[in-house]
Structures are given as structure tokens and as C-alpha cells.
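Reading the structure
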Amino acid sequence: MGDKTISAVVQSGKMEEESSSIFIISALFTSKKSLCFCGLIFLFSLTVFALTSPDALVNGDAALYQHQIAQFDFSQRTAHLGYYLLGIPFIHLLPLPSDYALNLMNCFFGALSIVLLFTIALTVSQNLLVAVVSSVLLSTNYLFIYNAVYAEVYMPQLFFFLLSFQLVLSQKAISAGIAFGLAFLITPSSLFGIPCLII
């Protein structure tokens, strides 16, 4: 009787160990699969946005932003200091016309925002299909596309806000606060998003 009990315990331990190994392998596979999805979503979105984005700026605010970033003049419109700082490498380092470079910055942050929504949906739902559908719904929204291909403050702001939300879900409060602070530096209207982070 004692030998049977010991044998059952050993067998149970082996089964738990195998189950644990399967769980770890499954988690790694899911993680790698999710990472691949993130990479594909980013590359596809960035390509579509970049090809859709015009060479010229479409509104007066963007022209003012471009001029002040090009001149390193941050004295006249300090409410968008974060946007100006983000624009510096795009305008001064990319070998492209400055108008298109600024539009391209929004394309870049638009693509990253889709990836972030994918990771947020995956974290909340634990379902890959839900995450994919969520990112598709965002990427086909007219207002989102408009702000992703034209230079404006809202797309970088959205990226840093979503980043702060993802960091809250990951229980990284300090990093979430920094990300939200960056969103606020881009435009103070980020304050309206605070209830989402608290709830």
C-alpha cells in the first residue's frame, strides 16, 4: 500500500512537472507569436501610412510646428514642447523634406499606437483574435488614419497615453507616470485621459 502511494505521488509530481513545462513552452510560444504579430502590424501599418502621407503639410498649425522645430524655436508655443522635441530627430536627421519628415513622424507613432492597442487588448483579454480585431478596428478608423498621416500633436500624444495605460496594466506605476508625463508635454489635453488610468 505504501509503495503504491509513493508511486502515485511520484507519478503525480512528474505530471505536474510536465504540465508546468508545457505551460512554460506554451507561454513562450504565445509570446513569440505575439511578438511576430506586433512586428508585422507595425511594419504593415507604417508602410501603408507612409505611402498614404502627403509630401506637404495640410494645416497652419503643422506649418508653424515645422518652422519652429527647424529653427529650434520653442519660445512661442510651449504647450506642445514634447511634440517639438520629438520632431527634432525627424526633421534634422532624416534626409527628407521637412514637411514630409514631420508627417512621417505621425505615421511612425500611428503604427506604434496600433501595436500598443494590440498588446493592451491581448493583456486584457488573453485572446489573440480579440487583440487582432481591436488593432484592425483602430487602424481602419477614419479619424485615426487622418491623424496618422498628417502632422499634428494627437498621434504622438495617443501613443504615449496608450503606453502609460499598458504600463499601468503591467503594474509599472513609475514608468506609466513618466509615459503620461510625456503625453502631457505633447499636449495638455492628455489630462482628460486620467480617469482611464485611475479606473
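Cut-offs used in this document
In every chain, residue numbers begin from 1 and rise along the written sequence. Note on the predicted model: pLDDT of at least 70 is required for a residue's local features to be given, and 80 or more for side-chain atom pairs to be given and counted; whole-chain, interface and lining totals, by contrast, use all residues. To obtain the side-chain values, all non-hydrogen atoms of the structure were used and water was disregarded. Two cysteine sulfurs form what is called a disulfide whenever their separation falls within 2.5 Å. Within 6.5 Å between ring centres, the rings of Phe, Tyr and Trp (the latter by its six-membered ring) count as paired, and their orientation is classed by plane angle as stacked under 30 degrees, edge-to-face over 60, tilted in between. In DSSP terms, a helix is any run of H or I states spanning at least four residues, a strand is any run of E spanning at least two, and both are numbered starting from the N terminus. Burial here depends on accessible area, computed with a 1.4 Å probe over protein chains only, as a share of the maximum for the residue type. Under 20% is buried, over 50% is exposed, and the range in between is partly exposed.

1. Some points on the state of the cysteines
- This model, assessed by the stated rule, comprises zero disulfides.
- With no disulfide of its own, Cys-36 lies 9.3 Å from the sulfur of Cys-38, the closest cysteine sulfur.

2. Considering the packing of aromatic side chains
- Tallied over the full model, the rule gives 11 aromatic pairs.
- Taken together, a centroid distance of 5.9 Å and an interplanar angle of 55 degrees make the contact between Phe-90 and Phe-108 tilted. With Phe-90 in helix 3 (residues 81-93) and Phe-108 in helix 4 (residues 98-125), this residue pair connects regions lying 18 residues apart in the sequence.
- Among the residues examined, Phe-108 registers a relative accessible area of 28% and is labelled partly exposed.
- Pairing Tyr-146 with Tyr-150 gives two aromatic rings, centres 4.7 Å apart and planes at 65 degrees, and the pair type is edge-to-face.
- Since its relative accessible area comes to 33%, Tyr-146 is described here as partly exposed.
- Relative accessible area serves as the criterion here: at 22%, Tyr-150 is assigned to the partly exposed category.
- An aromatic cluster is built from Phe-42, Phe-90, Phe-108, Phe-109, Phe-159 and Phe-160, whose rings are joined through pairwise contacts.

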